[in-house]
Amino acid sequence: MSDNHDSDGWFDKPENVKKMLRVFYVICGLLVLVDFMVHRHIYHDWENIPAFYAIYGFIGCVVLVLIATEMRKYLMRGEDYYDE
Amino acid sequence: MNSVIPFLPLLLGALAAIVLRGWLRNLIMIVAPILGAINLMGMDHGVFWSLEFMGYALEPVKVDKLSLMFGYLFHLASLIAVIYALHVKDTVQHVSGLAYAASAVGAVFAGDLLTLFIFWELLALTSVFLIWARRTDRAYSSGIRYLIIQILSGVLLLVGLLIFAQVNNSLLFTHIGLQHEGIAQLGAWLIFFGFGIKCAFPFMHNWLTDSYPEATPSGTIFLASFTTKVAVYAFARGFPGEEILVWIGVTMACFPIFFAVIENDLRRVLAYSLINQIGFMIVGIGIGTALALNGAVAHAFNDVIFKGLLMMTMGAVLHMTGKINGSELGGLYKSMPKTTVLCIVGAASISAFPLFSGFVSKSMIMAAAVSEGYDVVWLLLLFAAAGVFHHAGIKIPYFAFFAHDSGIRTTEPPKNMLIAMTLAAVACVVLGTFPAQTVYALLPWEHNYQPYDVTHVLTQLQLLFFSALAFVWLNLKNMYPPELPSTNLDADWFYRKLAPAVVKRVASTTYGAYVSVENSVILSVKRMVQNSYDAEAGQPKGYFAKLWPTETMVVWVAILLVVYLLFYYLH
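Below you will find a few notes about this structure. Just so it is clear, the structure is predicted and the values come from calculations on it, not from any experiment.

1. Some remarks on the overall build of chain A
- Broken down by element type, chain A carries 2 helices and 1 strand.
- Starting at the N terminus, the α and β elements of chain A follow one another as α-α-β.
- Its C-alpha radius of gyration of 21 Å places chain A more than 25% over the 12 Å reference for a compact globule of 84 residues.
- Reported as C-alpha extents along the three principal axes, the dimensions of chain A are approximately 60 × 40 × 15 Å.
- Of all 84 residues assigned to chain A, the portion counted as buried reaches 31%.
- For chain A, the computed accessible surface area is about 5,600 Å², with 65% contributed by carbon and sulfur atoms.

Next comes the structure, spelled out in structure tokens:
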């Protein structure tokens, strides 16, 4: 996958990254499609929502990152804060 | 079969490492955990060794399924950690690493609270050298803080067990629980908090995030494996089914992921995710059904391996580049491809990808939460599971090995490090793919559980892929918080900044007051002396200064006689 030439690693080429992301999007799409075809066991009412796990995962992570970014305003200090 | 006391092989290994050098020491250090594990296989269940101490029956070694499971785990973990540390030419680390592992094994086989206490403190005393072995000022003071908090945990345990010995007239370590009458209630809570500190409960967790990232690259592997897992074991035996643990656990599972997202030191990110994973285990113990408890100990088992693997890859990065901050790393996949792949295996395991170890144990806890009607807990754990993938599964590999090219060019770490990481990676896949033959076979409680069905695999993949999608989307929109050189405030701010500042303030005010009082006293004494001396006459002022010493004496004798006379008449 990687070669010894310095600056041209596989992930350094934007077109490679784009290709990979496209594959990734397709998998995401397929996972949602499969959700409508496979009969799922339901343990919990919430799971009746179509693609519940996908929506929950996405929203959960966005909220996580937004809150964490907000936390930085209050919590972030210099690297040597405790050594001063 | 003839067996010896479980912790003995590791302890002898540690003692041998003090005197041996070179390949012989390496050999002994590798053989010790292997022999120890073989020794465990030959042990029968029941009390292995008992004695009496001050009228109390003690069982320093007691074997059952729960302790055996942790016993095997600790031997496996110490084998991997020892192999990882072979290239290090540092007797301190080798000896304390093995002695620390021996203490952990001793603790999980302790049948009474006194023996548990002894190993509890030995865990702290042997492990702190792994932090100090970094030999920096930061590591030194971090180690001191670590030691203080760990010893405090032991002291709470000691007071609690003394109360229990008094009330129950027994020291045996069985179910403790929190429902008691009178003073025993206090004892139970003290033991609970003693365990809780070692388990990194919220607000008591900073010893972990403070010290683990300051230890040496190989020392952290030992540290991440033992202390917290001994505490999980202790909770599983002493407090199963206590509902408060569910809520504590779910807090532990959720809050560290926010810190992990903005933390720059990648080993500290892993320390936060360590707390998050213990949260899952604590929830399982709190639910307390057979499935939940099995899930908790299975997850402890898997966590040691995959967290060890992730810590090892980051240790390798630190060892090879001297850097561990996300802001300084990136692009290492080109020069460390093997480490990259191993790190991704660890990331997949901690994120609970199907076929990797986290999947088969985390799902047990989730299933137990749903079946016991803990809806909110289940939703929060689901959030935490997505969050784990976000920070440990994506952030760690991404910022270390991919992201922008930092320009660092290095090589793969030494062979022994690669072998240790490969062992752990293989274990992750084997445990995840064949759970029934491996970790499930060791589970202490009777319960059948099948992790692999279509629903489960599908929903988990949806959760993970869409968490990844969120990462991609945020990154493309430039909304992902960049890695910045920083320190983030956490609960340790209270004792590292606030308390010292308050103490300093109080002390300096007190000292200032003292100094000003002292000065004014000295000044007034000086003034008195000056006022009582007549500089022109060259003699002191005042009545007695004018008299000869004999005359002064006569005056005093006269006064004495008057006083005597007065008393005589008054009497």
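2. Regarding unusual backbone geometry
- In this structure, Ala 51 of chain A takes a positive phi of about 50 degrees despite not being glycine.
- Turning to its location among the elements, Ala 51 of chain A is positioned in the loop between helix H1 (14-37) and helix H2 (52-75).
- You will see that Met 54 of chain B, though not glycine, has its phi angle at about 50 degrees, which is positive.
- Residue position: Met 54 of chain B is located in the loop between strand E1 (46-53) and strand E2 (56-63).
- Judged by relative accessible area, which is 69%, Met 54 of chain B ranks as exposed.

3. What to know about the layout of surface pockets
- Of the volumes computed, that of the largest pocket is approximately 1,200 Å³.
- What lines the largest pocket is a set of 34 residues, among which Phe 11 and Met 20 of chain A together with Ile 394, Tyr 398 and Phe 402 of chain B lie closest to the centre.
- In terms of residues, the lining of the largest pocket owes the most to one element, helix H19 (residues 454-476) of chain B, which gives 7 residues.
- Looking at side-chain class alone, the lining of the largest pocket contains 26 nonpolar, 6 polar and 2 charged residues.
- Roughly 660 Å³ of internal volume is contained in the second largest pocket.
- Considering the residues around the second largest pocket, the lining is formed by 35 residues, among which Glu 79 of chain A together with Arg 138, Glu 214, Asp 265 and Arg 268 of chain B are closest to the centre.
- For the lining of the second largest pocket, the elements supplying multiple residues, two or more each, are helix H6 (137-168), helix H8 (206-211), helix H12 (266-287), strand E3 (487-488) and helix H20 (492-531) of chain B.
- With 4 residues, H6 of chain B is the single largest residue contributor to the lining of the second largest pocket.

4. Describing H1 of chain A
- Taking 1.5 Å per residue, 24 residues should reach 34 Å; H1 of chain A reaches 35 Å between its end C-alpha atoms and fits that length.
- Within the span of H1 of chain A, buried status applies to Asn 16, Leu 21, Phe 24, Cys 28, Leu 31 and Asp 35 of chain A.
- Those residues of H1 of chain A hidden inside the fold are in contact with H19 of chain B.

5. Describing the nonpolar core
- Counting residues in each nonpolar core, the largest one holds 219 residues, and the members touching the most others are Phe 70, Phe 195, Phe 235 and Met 314 of chain B.
- Sort the elements by how many residues they give to this core and helix H13 (residues 290-321) of chain B lands first, with 19 residues.

6. What about a nonpolar patch on the surface?
- A cluster of nonpolar side chains, Trp 23, Leu 24, Leu 27, Val 31, Ile 34, Leu 35 and Ile 38 of chain B, forms an exposed patch at the surface whose accessible area comes to about 660 Å².
- Relative to the elements of secondary structure, Val 31 of chain B occurs in helix H2 (residues 22-41).

7. A short note on the pairing of E2 of chain B
Residues and elements named next belong to chain B.
- Of all 8 residues making up E2, 6 are buried, and the element is well covered by its neighbours.
- Relative to E2, E1 is paired through 6 bridges, and the arrangement is antiparallel. Among the inter-strand pairings, Leu 51 is bridged to a residue of E2, identified as Leu 58.
- If you look at the hairpin formed by E1 and E2, you'll find 2 residues sitting between the two strands, and Met 54 has a positive phi there, around 50 degrees.

8. Let's talk about the interface of chain B and chain A
- At the interface, 56 residues of chain B touch 54 residues of chain A.
- Carbon and sulfur atoms make up 72% of the area that chain B and chain A hide from each other, which totals about 5,200 Å².
- Scanning the region where chain B abuts chain A turns up 1 salt bridge.
- Measuring nitrogen to oxygen at the nearest pair gives 3.3 Å for the salt bridge that ties Arg 138 of chain B to Asp 83 of chain A.
- Our enumeration of links across chain B and chain A arrives at 15 residue pairs in polar contact (both at pLDDT 80 or more).

Calculation notes
Residue positions are given per chain, counted from 1 along the sequence in the order it is written. Chains and ligands are labelled by the order in which they are written, letters from A for the one and numbers from 1 for the other. Only residues with pLDDT of at least 70 are given local features in this predicted model, and only at 80 or more are side-chain atom pairs given and counted; all residues enter the totals for whole chains, interfaces and linings. Calculation of side-chain values draws on the structure's entire complement of heavy atoms; hydrogens and water are dropped beforehand. Numbering goes from the N terminus for both helices and strands, where a helix is a DSSP run of H or I of at least four residues and a strand is a run of E of at least two. The size measure is the radius of gyration over C-alpha atoms, and the globule rule it meets is 2.2 Å times the number of residues to the 0.38 power. Per-residue accessibility, obtained with a 1.4 Å probe over protein chains only, is compared with the maximum for each type, and a residue is labelled buried under 20%, exposed over 50%, and partly exposed between these values. What sets the accessible areas is the Shrake-Rupley method with a 1.4 Å probe; for residues, cover comes only from the shown protein chains. Residues are called lining when one of their atoms sits within 4 Å of a cavity or pocket point, these points coming from a 1 Å grid over the protein atoms alone, where a cavity is a set in which a 1.4 Å probe fits but cannot get out and a pocket is an open set with protein on both sides within 12 Å along at least five of seven lines. Grid points are joined across faces, edges and corners, and a volume is the space filled by probe spheres set on the points. Only Asp, Glu, Lys and Arg are considered charged, only Ala, Val, Leu, Ile, Met, Phe, Trp, Tyr, Cys and Pro nonpolar, and every remaining residue, Gly among them, polar. Expected span, for any helix, means 1.5 Å times one less than how many residues it has. Contacts are assigned to residue pairs that have any heavy atoms within 4.5 Å of one another. What is meant by a nonpolar core is a set of buried Ala, Val, Leu, Ile, Met, Phe, Trp, Tyr and Cys residues, joined one to another through side-chain atoms within 4.5 Å. Residues qualify for a patch when their relative accessible area is over 30% and they have no salt bridge, like charges being joined within 9 Å and the nonpolar side chains of Val, Leu, Ile, Met, Phe, Trp and Tyr within 5 Å. Salt bridges are defined as contacts in which a side-chain nitrogen from Lys or Arg sits within 4 Å of a carboxyl oxygen from Asp or Glu. Pairing between two strands is assigned when DSSP locates at least 2 bridges connecting them. By definition, the buried area sums, over both parts, the 1.4 Å-probe accessible area that each loses when the two are put together. Each polar contact in these results corresponds to two N or O atoms within 3.5 Å; when the atoms are within protein, one needs to be able to donate a hydrogen and the other to accept it, and residues that are neighboring in sequence are counted only if both atoms are side-chain atoms.

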